[in-house]
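# Topology and contacts: notes
Read off the chains here:
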Amino acid sequence: MYRTSRRALLRAGAALGSAVLLGKPALLRAASAEELTLYNGQHRQTTDAVVAAFTRKTGIDVLVRNGSSPQIANQLLEEGALSPADVFYSEGSPPVAALAKRGMLAAIAPDTLNQVPKDYVSPEGLWLGVSARARVVAFNRDLVKEADLPASLLGFADPKWKDRIGYAPTSDAFQEQIVAILRLRGRDAVLDWLKGMKQVGRVYNNNIGAMQAVERAEIPAALINNYYWFTVAREVGAAKMRSSLHYIRHQDPGALITVSAAGMLKTGRNPEAAQAFLAFLVSAEGQQVVVDSMAEYPLRAGIKSPFALEPWDKLDPPPIKPAALGDASEAIPLAREAGLA
Amino acid sequence: MDQARARRRAPLWLLLAAAIPVALTILPVIYVVLRGFEAGLAPAWETLVRPRTAELLGNTLALALAVTFASTLIGLACAWVIERCDLPGRRWWRTLVCLPLAVPAFVSSYAWASLGPSFQALGGAILILTLSHFPLIYLPAAAALRRMDTRLEDVARSLGDTAPRAFFRVVLPQLRPALGGGALLVLAHMLAEFGALSLLRVQTFTTAIFAEYELQFNSANAALLSGMLMALCLPVAFGEAKLRGVNRLSRTDRRSRRHPPLSRLGLWMWPVQIALAVLSAAALGVPLFMLAYWLSVGLSIGAGAGDVGAAMLGSLQLSIGGAVVTTLLALPLVLLAMRHHSRIARLAERLPYVVHGLPGLVVALALIFVAIRWVPVLYQSTMLVLVAYAILFLPLAQSALRATAELVPPELEQAARTLGRGPVEAFMAVTLPALAPGVGAALALIVLELMRELTATLLLAPNGVTTLATEVWSYTNDGSYAAAAPFAALLVLVSGVPVYVFTMRTLKSGRREIVEA
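The structure displayed is predicted, hence computed values, not measured ones. (Residues numbered from 1 in each chain as written. Chains lettered and ligands numbered in written order. Predicted model: local features only at pLDDT ≥ 70, side-chain atom pairs only at ≥ 80, totals over all residues. Heavy atoms only, no water.)

## Section: the overall build of chain B
Helices and strands together make up the secondary structure of chain B, namely 23 helices and zero strands. Out of the 517 residues belonging to chain B, those deemed buried represent 62%. Within chain B, counting contacts between residues at least 6 apart in sequence, those at least 24 apart form 85% of the total. (Helix = DSSP H or I, 4+ residues; strand = E, 2+ residues; numbered from the N terminus. Buried < 20%, exposed > 50% of the residue type's maximum accessible area, 1.4 Å probe, protein only. Contact = heavy atoms within 4.5 Å.)

## Brief notes about the overall build of chain A
When helices and strands are counted, chain A shows 13 helices and 11 strands. If one aligns the C-alpha atoms of chain A with their principal axes, the spans along those axes are about 75 × 65 × 40 Å. For chain A, contacts bridging at least 24 residues in sequence account for 76% of all contacts bridging at least 6. A total accessible area of about 13,000 Å² is found for chain A, and carbon and sulfur atoms account for 55% of it. (Areas by Shrake-Rupley, 256 points an atom, 1.4 Å probe, with all protein chains shown as cover.)

## Let's talk about the packing of helix α2 (residues 12-38) of chain B against helix α16 (residues 343-356) of chain B
Residues and elements named next belong to chain B. Between α2 and α16, the shortest axis-to-axis distance is 10 Å and the interhelical angle comes to 35 degrees. Handedness of the α2/α16 crossing: left-handed. Together, V22, T25, I26, P28 and V29 of α2 and A348, L351, P352 and V355 of α16 make up the contact between the two elements. Residue classes in the contact of α2 with α16 are distributed as eight nonpolar, one polar and no charged. (Axes fitted to C-alpha atoms, helices over the stretch in contact; angles between N-to-C directions. Left-handed = near helix turned anticlockwise from the far one by under 90°. Nonpolar A, V, L, I, M, F, W, Y, C, P; charged D, E, K, R; others polar.)

## Some remarks on the pairing of strand β1 (residues 35-40) of chain A
Residues and elements named next belong to chain A. Counting buried residues in β1 gives six out of six residues, a clear majority hidden from the surface. The two faces of β1 match: E35, T37 and Y39 on one face and L36, L38 and N40 on the other face are all buried. Bridge count between β1 and strand β2 (residues 61-66): six bridges; the pairing is parallel. Looking across to β2, one finds that N40 is bridged to N66. (Pairing = 2+ DSSP bridges.)

## Observations concerning the confidence of the model for chain B
Low-pLDDT portions of the prediction should not be read for the details of their coordinates. Residues and elements named next belong to chain B. Averaged over every residue, the pLDDT of chain B is 80; residues scoring 70 or more account for 88%. Predicted confidence for residues 246-256 stays below pLDDT 50, and this span has 27 contacts to residues more than four positions away or in other chains. Segment residues 511-517: pLDDT under 50, and 16 contacts once partners within four positions in sequence are set aside and those in other chains are kept. The ipTM assigned to the predicted complex is 0.74, against a pTM of 0.81. (pLDDT = per-residue confidence, 0-100.)

## Overview of the packing of helix α4 (residues 51-84) of chain B against helix α8 (residues 135-147) of chain B
Residues and elements named next belong to chain B. Following both chains from N to C, one finds α4 and α8 inclined at 40 degrees, their axes separated by 8 Å at the closest point. It follows from the interaxial angle that α4 and α8 lie oblique. α4 and α8 meet at a crossing whose hand is right-handed. In this structure, α4 contributes S71, T72, G75, L76, C78, A79, W80, I82, E83 and R84 to the contact, and α8 contributes I137, Y138, A141, A142, L145 and R146. Its residues assigned to classes, the contact of α4 with α8 comprises 10 nonpolar, three polar and three charged. (Parallel < 35°, antiparallel > 145°, perpendicular 65-115°, else oblique.)

## Concerning unusual backbone geometry
Negative phi values dominate among residues other than glycine, just as trans dominates among peptide bonds. Phi is positive for H250 of chain A, close to 35 degrees, though the residue is something other than glycine. Tracing the backbone through its elements, the reader meets H250 of chain A in the loop between β9 (243-246) and β10 (257-265). Positive phi outside glycine occurs at Q380 of chain B, with the angle close to 55 degrees. Along the chain, Q380 of chain B turns up in the loop between α17 (360-374) and α18 (382-405).

## A word on the side chain of E453 of chain B
Residue and element names in this part refer to chain B. In this structure, E453 sits in the loop between α20 (423-451) and α21 (455-460). For the buried E453, no salt bridge exists, and the shortest N-O distance to an oppositely charged side chain is 11 Å, to R452. A distance of 2.7 Å separates polar atoms of two side chains, one belonging to E453 and the other to T457. (Lys, Arg positive; Asp, Glu negative; His and termini not counted. Salt bridge = Lys/Arg side-chain N within 4 Å of Asp/Glu carboxyl O. Polar contact = N/O pair within 3.5 Å; in protein donor to acceptor, adjacent residues only side chain to side chain.)

## Description of the pattern of salt bridges
Under the counting rule described, the total for this entry stands at 19 salt bridges over all chains. A salt bridge links D142 of chain A to R242 of chain A, with the shortest nitrogen-to-oxygen separation between them at 3.1 Å. Taken together, the positions of D142 of chain A in the loop between β5 (128-140) and β6 (165-167) and R242 of chain A in the loop between α9 (226-236) and β9 put the pair 100 residues apart, joining distant regions of the chain. With a relative accessible area of 36%, R242 of chain A lands in the partly exposed category. R216 of chain A is paired through a salt bridge with E218 of chain A; the nearest N and O atoms lie 3.0 Å apart. Residue R216 of chain A is classed as partly exposed on the basis of its relative accessible area, which comes to 26%. For E218 of chain A, a relative accessible area of 12% puts it in the buried group. What you see here is one network of salt bridges that share partners, running through R44 and D48 of chain A together with D307 and E471 of chain B.

## Looking at the packing of aromatic side chains
Residue and element names in this part refer to chain A. Here the structure, examined in full by the defined rule, presents 16 aromatic pairs over all chains. Each ring, one from Y120 and one from W312, has its centre 6.4 Å from the other, and the planes form 65 degrees; the classification is edge-to-face. On the criterion of sequence distance, the pair formed by Y120 in the loop between α5 (110-113) and β5 and W312 in the loop between β11 (297-298) and α12 (322-325) is long-range, its members being 192 residues apart. Residue classification places W312 among the partly exposed residues on the basis of a relative accessible area of 32%. Ring geometry for F156 against W161: centres 4.9 Å apart, planes inclined by 65 degrees, an arrangement best described as edge-to-face. (Phe/Tyr/Trp six-rings, centres within 6.5 Å; stacked < 30°, edge-to-face > 60°.)

## Topic: a nonpolar patch on the surface
All names here are of chain B. A contiguous nonpolar patch, built from L12, L15 and L16 and spanning about 310 Å² of accessible area, is present on the exposed surface. Topologically, L15 is positioned in helix α2. Assessed through its relative accessible area of 36%, L15 is described here as partly exposed. (Patch = residues over 30% accessible without salt bridge, like charges linked within 9 Å, V, L, I, M, F, W, Y side chains within 5 Å.)

## As for the pairing of strand β3 (residues 87-90) of chain A
All names here are of chain A. Burial of β3 is two-sided: the residues V87 and Y89 facing one way and the residues F88 and S90 facing the other way are all buried. Where β1 lies against β3, three bridges are found, and the strand directions are parallel. Residue pairing in the sheet places Y39 in a bridge with F88 of β3. Pairing analysis gives four bridges linking β3 to β10, with the strands arranged antiparallel. Bridged to V87 within β10 is M264.

## A closer look at the environment of A366 of chain B
Residue and element names in this part refer to chain B. With respect to the helices and strands, the residue A366 is situated in helix α17. Taking the C-alpha atoms as reference points, A366 and F168, 198 residues apart in sequence, are found 45 Å from one another. Ignoring any residue separated from it by four or fewer positions in sequence, one finds A366 in contact with L27, P28 and Y31.

## Here's the deal with the state of the cysteines
Per the counting criterion, the structure on display carries zero disulfides over all chains. Note on C78 of chain B: no disulfide assigned, nearest cysteine sulfur contributed by C98 of chain B at a separation of 9.4 Å. (Disulfide = S-S within 2.5 Å.)

## Some details on the environment of V492 of chain B
All names here are of chain B. Checked against the element boundaries, V492 lands in helix α23 (residues 481-516). When the C-alpha atoms of V492 and P104 are compared, they prove to be 7.4 Å apart, with 388 residues separating the residues in sequence. With residues up to four places along the chain from it excluded, the contact list for V492 reads A102, V103, P104, L288 and L291.

## Some details on the environment of L175 of chain B
All names here are of chain B. As for its position among the elements, L175 is in helix α10 (residues 163-192). By relative accessible area, L175 is classed as buried at 0%. Counting along the chain gives 35 residues from L175 to P140, while the straight-line C-alpha distance between them is 8.8 Å. Not counting the four nearest positions on each side in its chain, L175 is found in contact with L76, A141, A144, L145 and M148.

Here's what the structure looks like:
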């Protein structure tokens, strides 16, 4: 019995030794001066492509930390002045706006800000929009006719949509939509709508889950961002898709335009590289890489997306600009009052 | 008399060694309390009495209890038919029944979810999580059945008990510690489960803590919910100790062991074979089939192919390092609880169980909070990840170590002492070698758990460090299932190694004795 045990002990010792050896190199690794530390909440395929192109062009290495945008914003808030981050690239504008509100972002060079329309940058010049997307309704053509979809987003809270509409109440975009309805239609309207959605809607944990549910004919329709349809189409092939996108238009809150956004940290160790990265994001080259990687709209004129996007001029969005959504914190008390959070 | 007192008073070195894991474990508790207070009393009360909280509580309890109950039933039934019945192909079934451990729950959840909407609800979640967790009951139950003293059964049978009656009167009570430990493990897993539930559209405290944390840039509300989750773990931790009882399992009499007789299945053989086949197909076949499907069909395949090596290295480094640190920290806790029955020892032993039910997110947040304020040099270091792992998985190491420790009669160490060895010497010569098989099992089990750990890794990993699990997660979150598939397949493959080691270790603790008899 003892012989076996000793052997096991030796084995455990060997495992321990190799673990210590393996563990050593990464211990307390510090970012080098030539390296840009990017906290990324934007979809990976976009960021991976942008980072590769940026490094190719400038020779600056980029260390990427991936996560969801709100999670990363929270982490940055917790890290405060000690954060190793230089740039935060977010899927939506509210997480960046939250950092701006708490004084954590540095001013972006005016030249860079001027590359995109004023409507899509922070008025204080603390963050900039990188790409845009439209809120849309994805519907399964086998389960519902496009003509039967309500004319307004608010129509989905009707009992006749019971268990027929999917949405992701905890997603960034839904929070932005709540604030948009609040601005456009007022507090009572948004509360009614949220309570109705709580009653009739099916909750998904994120937009892509809701989109896939529509494609799988699990639910007739879902509220998503336009590019999720293209993401699924890329997986299964556009010709095989059984779902389509419905654009609500006529300045309805359901036609809201939101942006991905980026800003640089005041406490970053590498402000020049950070400015260079932000400038690259809105340069013609950077914008092309962004829209090639995902079905989002470029914010810079003259850039063409390879995806079959609905023409930008036909979206007819409500007159609410990303900066007006702020950090979307107004959405939480409303969602809570409606029992959604 | 003298002996008993010597056993009760713990030596200083042991107390000091045990103080480290206890202090680490208290960190997240302090964090939750501090942040909870930040929320203020009125909002805190409002959070507690919201209908939404009741909804979450209902879901959390229903899921945790149902999965634990179903896993226990299935795990025990498998252990019985495989270890104690004349089932043909027992060796094959033994392996097949353990293999679902290699498939992380969030991987199998995606597989099932893509089969149809009916699985994306509480009922589906119970089914899927039971399928991926019953081996955690099967293994300790099978090991206990193997090393069980069968003379008691013989006595019961000779007194006229039928086989089922003897099972309930004699065998089941002896299985209690093994089943209790396994059930607690499953229960704690359920309270903390995140990845799978998030894919399955089930909202529990854990997913709500995430949502709270994500939605508002303020973690006070998340802390309140975490506090409630911790409260849920309290009865679990103390119930386990009760269940375990004071059964003394160690034996000095070696000759009593013999091969247990196999019950005849007779006509039941076919239904049993079919049931095991269905179980394996559901637990193993579905996820593996879906992985193969996505590997062959998805067009996003290869998106991250260049990162596979780095993710693999990250997984190995973090999980092996974490397993070693966790096991080392668990040793003093187990020794203290085994040999010195003081109140402090009992508390030290149970506290990790309370924290085990906390989601990795909360532990990670607590560590970020502490590290940034007081030890910034540790922030975003591998060390901090390993500490988080230790806090999260101490109970696993404790259970595995205790399983062997309980088989070492304290008399052996006492004998060494009376033969003139010092306390440390006696410990090194007698207790430590006897614990070695448990160390092997603990290491393997924790490596396995850490391979699939998501949330703490996501928040704490040094910049640029990825693991197979975080890559699978981040690609599936983007809907790039095919891109995630190579990482997931590799994760399952690599997990096979610790599953094999852990299975062998656990079952061998029974077999060796049979061979020696």
